[in-house]
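# Observations on chain architecture
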Amino acid sequence: MQEGTPIIEFNDVNKVYPNGTVGLDNINLTINKGEFVVIVGLSGAGKSTLLRAANRLHDVSSGEILIDGQSIVTAKGKQLREVRRNIAMIFQNFNLVKRSTVEKNILNGRVGYYPTWKTIFGLFSAADKQQAAANLQRVNLGEKLYSRADELSGGQQQRVAIARALMQEPKIMLADEPIASLDPRTTVMVMDDLKKLNEELGITVVVNLHSVSLAKQYASRVVGLRAGKLVYDKQIGDVQDGDFDEIYDGKNQEVKEA
Ligand SMILES: Nc1ncnc2c1ncn2[C@@H]1O[C@H](COP(=O)(O)OP(=O)(O)OP(=O)(O)O)[C@@H](O)[C@H]1O
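Residues numbered from 1 in each chain as written. Predicted model: local features only at pLDDT ≥ 70, side-chain atom pairs only at ≥ 80, totals over all residues. Heavy atoms only, no water.

In the nomenclature of an unreviewed UniProt entry, the chain corresponds to Glutamine transport ATP-binding protein GlnQ from the organism Periweissella fabaria.

Set out below in structure tokens:
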């Protein structure tokens, strides 16, 4: 990866949950603009904790996290909202409003740009409606604009979630095990969509995955966590078969081969 402009920087980040569990143990990691980073590691390694810290879905215990040079750890109020606008996130369970139309769900991605009262009444601009349709087209679901979200398959719902995330015009897309509840065919579609927005829109993508083979297929860089520590970090060209024993410690073969 030739680009070297940092967009996410973790400096000495620690996270200890209130019950004493260590989620992150002194993480130092710089992700550059345009990278497609896959985070791998056993269940409980700290992958979700890392992603959630990056957009401050939860606070860290110590350390600094910079998003495009700005601290998300100390930002408050309007400043925090502005930093967060740059970061979209998709989840394993899609988080759509099931009884709403696809269009309304996608427009919800725009709420950070409107006063709350306008979003309550659904007062979105014509330009945003056009953009919602265009983003749905981008994930190849153009014909589903007026369908109800719960009429769609899991893979389709995840792609609507991606279209919704794009409404934020994010610089960064975080995806927390986005394909965990999908079959292999729809998995490929969702991963292809993420790859496409990375390549065509220049969005930096960070994805948590259990599957090492998918990591190898899509990542430009693979980062491994074990017990909250960063134990692996390589550009995809340097990844070797057998490397993942470091992360998986010889256990969990079925995860490695998934
Ligand atoms: N809210 C919480 N309170 C206490 N401990 C937590 C909490 N959330 C996560 N943990 C613990 O922190 C550690 C890291 O969890 P995390 O969910 O980040 O791992 P993960 O790598 O994403 O796992 P998975 O692949 O299963 O999603 C685990 O030991 C987990 O039990």
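## Description of empty space enclosed by the protein
Summed over all chains, the structure comprises one cavity of 30 Å³ or more. A volume near 40 Å³ is recorded for the largest cavity. Taken together, Ile8, Phe10, Leu29, Ile31, Ile39, Leu50, Leu51, Ala54, Leu174 and Val206 make up the full set of residues lining the largest cavity. Listing elements by their share of the lining of the largest cavity, those giving two or more residues are strand E1 (6–16), strand E2 (22–32) and helix H1 (47–54). Looking at side-chain class alone, the lining of the largest cavity contains 10 nonpolar, no polar and no charged residues. (1 Å grid on protein atoms, 1.4 Å probe; cavity = no way out; pocket = protein on both sides within 12 Å on 5 of 7 lines; lining within 4 Å. Points joined across faces, edges and corners; volume = space filled by probe spheres on them. Helix = DSSP H or I, 4+ residues; strand = E, 2+ residues; numbered from the N terminus. Nonpolar A, V, L, I, M, F, W, Y, C, P; charged D, E, K, R; others polar.)

## Description of the pattern of salt bridges
A side chain of one charge can pair with a side chain of the opposite charge when the charged atoms of the two come close. The final tally for this structure, using the stated rule, is 15 salt bridges. Residues Glu35 and Arg221 are paired through a salt bridge, measuring 2.8 Å at the closest nitrogen-oxygen approach. Of this pair, Glu35 sits in the loop between E2 and strand E3 (36–40) while Arg221 sits in strand E9 (residues 221–226); the two residues are 186 residues apart in sequence, bridging distant segments of the chain. You'll find Glu35 and Arg221 in the same group, each marked buried. (Salt bridge = Lys/Arg side-chain N within 4 Å of Asp/Glu carboxyl O. Buried < 20%, exposed > 50% of the residue type's maximum accessible area, 1.4 Å probe, protein only.)

## Here we look at helix H6 (residues 154–166)
For H6, which comprises 13 residues, the first-to-last C-alpha distance of 19 Å matches the rise-based estimate of 18 Å (1.5 Å per residue) to within 8%. In terms of residue burial, H6 counts as a mostly covered element, since 12 of its 13 residues are buried. Among the residues making up H6, those that are buried are Gly155, Gln156, Gln157, Gln158, Arg159, Val160, Ala161, Ile162, Ala163, Arg164, Ala165 and Leu166. Tucked inside the fold, the buried residues of H6 contact strand E6 (87–91), helix H3 (102–107), helix H5 (126–138), strand E7 (172–176) and helix H7 (184–201). (Expected span 1.5 Å × (residues − 1). Contact = heavy atoms within 4.5 Å.)

## Some details on the site of the ligand
In the region of the ligand, 13 residues are neighbours, and Ser43, Gly44, Lys47, Ser48 and Thr49 sit closest. Residue Gly46 places a main-chain N or O atom 2.9 Å away from an oxygen atom belonging to the ligand. Glu177 places a side-chain nitrogen or oxygen 3.0 Å from an oxygen atom of the ligand. Computed on the free molecule, the ligand has an accessible area of 630 Å², of which 64% lies beneath the protein chains in the complex. For the shell around the ligand, the class distribution of residues is three nonpolar, eight polar and two charged. (Near = heavy atom within 4 Å. Polar contact = N/O pair within 3.5 Å; in protein donor to acceptor, adjacent residues only side chain to side chain. Areas by Shrake-Rupley, 256 points an atom, 1.4 Å probe, with all protein chains shown as cover.)

## A look at the sheet that holds E2
What the four strands build is an open sheet, ordered E2-E1-E4-E5; its pairing is antiparallel. Every interior strand has two partners, whereas the edge strands, E2 and strand E5 (70–71), have only one. Pairing of E1 with E2, which is carried by seven bridges, proceeds in the antiparallel orientation. If you follow Ile8 over to E2, its bridge partner there is Ile31. (Pairing = 2+ DSSP bridges.)

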